[in-house]
Amino acid sequence: MKLTAENYYSIEANQEYLSVSQYKDFCGSLGKLACEAEAMAKIRGEWEIRKTTPLLVGSYVDSYFEGTLPKFKQDNPEVFTQKGDLKSNFRKAEEIIERVEKDDFFMLSLSGEKQVIMTAKMFGAKWKVKMDSYLPGKAIVDLKVMSSLRKQHYTKDFGYMDFTQYWGYDLQGAVYQEVVFQNTGHRLPFYIAAVSKEEEPDIEVIQIDNKHLQEKLYEIEQNTQKIIGLKKGLYSPIRCELCDYCKHTKILTKPIHFSELLGEV
Ligand SMILES: [Zn+2]
């Protein structure tokens, strides 16, 4: 199928194409456990993640820069109080937008073509990407609204790390760069234009270097076969038993021992 702004997130598109968010659902990022069962339920259209307020604040800022804020407000009336004023979280979003607009370099990074869709065949699967700001021949930029840009995130196996690795934005950069390369022959630098929701918003344009992106792409290559098999129904997806989907669908058959509650610590 040919992807458009209207059908990009449709069930049909998600079944035919692999995306970075699907990849992260199947394989996790350092900061999020994978759940194959949840990933498959999302692809079948049986499960959606809740639109939490922090997610909505990010989408509010995204849609402003896309030029689709009026539609966003129409689709998400929960951003307003009963009196019709913006709720405080979204007044914060307005503040973030004002801060970002004062910075010429940040705005330059966001001055590309918005929400550009591309597809490519990689590692035996068809992939789809949608770029926040695409500057042909120059750069690929993704806008992120974060709670903090400097926070150290901890994982048991890898220790402390920054938000880009923790949330797998480097995986996103790797796929975006490769898809653009396959379409245009240009391997463009990947940047994250990041702004924080702190009392005083912090801003940065952050590059994830090509060497790191290539390493991530190799990792993605190793995992793609398994995802293709799962999507074709060749294997049954493993339940993580920890995510909201698994909690929602679990059926008890026997008691567990109290020592099982914490799993492997
Ligand atoms: Zn799960």
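Within an unreviewed UniProt entry, the label attached to the protein chain reads PD-(D/E)XK nuclease-like domain-containing protein, and the organism entered is Diplocloster modestus.

Novice: Explain the coordination of the zinc ion residue by residue, including any values.
Specialist: Bound to the zinc ion on the protein side are C35 (SG), C240 (SG), C243 (SG) and C246 (SG), at distances that span 2.2 to 2.4 Å. Given four donor atoms and angles of 105 to 118° at the metal, the environment of the zinc ion is assigned as tetrahedral. Counting residues between consecutive donors of the zinc ion along the chain gives the motif C-x204-C-x2-C-x2-C. Of this pair, C35 sits in the loop between α2 (20-27) and α3 (36-43) while C246 sits in helix α11 (residues 244-249), placing them 211 residues apart in sequence. We note that C35, like C246, is buried.

Novice: Explain α3 to me, using residue names and the numbers behind them.
Specialist: Most of α3 is tucked away: seven of the eight residues are buried. Regarding α3, the residues found buried are E36, A37, E38, A39, M40, A41 and I43. Once α3 finishes, G45 follows within two positions and takes phi at roughly 80°, a positive value.

Novice: A description of the pattern of salt bridges should follow, citing residues and the corresponding values.
Specialist: In total, this model carries 16 salt bridges according to the counting rule given. Residue E16 pairs with K126 through a salt bridge whose shortest N-O separation is 2.6 Å. A residue pair is termed long-range when its members are at least 10 positions apart, and E16 in helix α1 (residues 11-16) and K126 in strand β2 (residues 125-135) qualify at 110 residues. Residue E16 is classed as partly exposed on the basis of its relative accessible area, which comes to 29%. Note that E95 is salt-bridged to K92, the shortest N-O span being 3.0 Å. Here E95 and its partner K92 are both found in helix α6 (residues 88-101), three residues apart, which amounts to about one turn of the helix. You can call E95 partly exposed: its relative accessible area is 37%. What emerges from the salt-bridge pattern is a single network uniting R50, D244 and K247.

Novice: Let's hear about the nonpolar core: which residues, and what values?
Specialist: Residues W127, M131, Y134, I140, V175 and V179 are the most contacted members of the largest nonpolar core, which totals 38 residues. For this core, the secondary structure elements donating two or more residues are α2, α3, β1 (113-122), β2, β3 (139-146), α9 (169-184), β6 (190-196) and α10 (210-232). With seven residues, α9 is the largest single contributor of residues to this core. Ignoring any residue separated from it by four or fewer positions in sequence, one finds Y134 in contact with G112, E113, V116, M118, A139, I140, V180, T184 and L188.

Novice: Explain the side chain of D132 residue by residue, including any values.
Specialist: Residue placement: D132 occurs in strand β2. Although buried, D132 forms no salt bridge, and the nearest oppositely charged side chain, K144, lies 5.9 Å from it. There is a polar contact of 3.2 Å between the side chain of D132 and the side chain of Q115. Within the local environment of D132, its side chain forms a polar contact with the backbone nitrogen of L143, the two atoms lying 2.8 Å apart. Ignoring any residue separated from it by four or fewer positions in sequence, one finds D132 in contact with D62, E113, K114, Q115, V141, D142 and L143.

Novice: For a nonpolar patch on the surface, give the residues involved together with the corresponding values.
Specialist: A surface patch of nonpolar side chains, about 520 Å² in accessible area, is lined by I256, F258, L261 and L262. By secondary structure assignment, the location of L262 is in the segment after α11. By relative accessible area, which is 67% here, L262 ends up exposed.

Novice: Describe empty space enclosed by the protein, with residues and values.
Specialist: This structure, assessed with the given rule, holds one cavity of 30 Å³ or more. Considering only enclosed or pocket space, the largest cavity measures out at about 50 Å³ in volume. Along the walls of the largest cavity sit D62, F65, E66, L110, K114, Q115, D132 and L143, which together make up its complete lining. Elements supplying a minimum of two residues to the lining of the largest cavity: α4 (53-66) and β1. The dominant element in the lining of the largest cavity, judged by the number of residues it contributes, is α4, at three residues. Within the lining of the largest cavity, the residues separate by chemical class into three nonpolar, one polar and four charged.

Novice: Help me get a handle on the sheet that holds β3, residues and values and all.
Specialist: The strand order across the open sheet built from five strands is β1-β2-β3-β6-β7, with neighbouring strands paired in mixed fashion. Among the strands making up the open sheet, the edge pair consists of β1 and β7 (203-208). Here the average twist between neighbouring strands, direction ignored, is 40°. Bridging between β3 and β6 involves seven bridges; their strand directions are parallel. Following the sheet pairing, I140 is matched in β6 by F190.

Parameters and conventions
Residues numbered from 1 in each chain as written. Predicted model: local features only at pLDDT ≥ 70, side-chain atom pairs only at ≥ 80, totals over all residues. Heavy atoms only, no water. Donors = N, O, S within 2.8 Å, 3.2 Å for Na, K, Ca; no water. Tetrahedral: all angles 85-135°; square planar, octahedral: opposite > 155°, others 65-115°. Helix = DSSP H or I, 4+ residues; strand = E, 2+ residues; numbered from the N terminus. Buried < 20%, exposed > 50% of the residue type's maximum accessible area, 1.4 Å probe, protein only. Salt bridge = Lys/Arg side-chain N within 4 Å of Asp/Glu carboxyl O. Core = buried A, V, L, I, M, F, W, Y, C linked by side-chain atoms within 4.5 Å. Contact = heavy atoms within 4.5 Å. Lys, Arg positive; Asp, Glu negative; His and termini not counted. Polar contact = N/O pair within 3.5 Å; in protein donor to acceptor, adjacent residues only side chain to side chain. Patch = residues over 30% accessible without salt bridge, like charges linked within 9 Å, V, L, I, M, F, W, Y side chains within 5 Å. Areas by Shrake-Rupley, 256 points an atom, 1.4 Å probe, with all protein chains shown as cover. 1 Å grid on protein atoms, 1.4 Å probe; cavity = no way out; pocket = protein on both sides within 12 Å on 5 of 7 lines; lining within 4 Å. Points joined across faces, edges and corners; volume = space filled by probe spheres on them. Nonpolar A, V, L, I, M, F, W, Y, C, P; charged D, E, K, R; others polar. Pairing = 2+ DSSP bridges. Axes fitted to C-alpha atoms, helices over the stretch in contact; angles between N-to-C directions.

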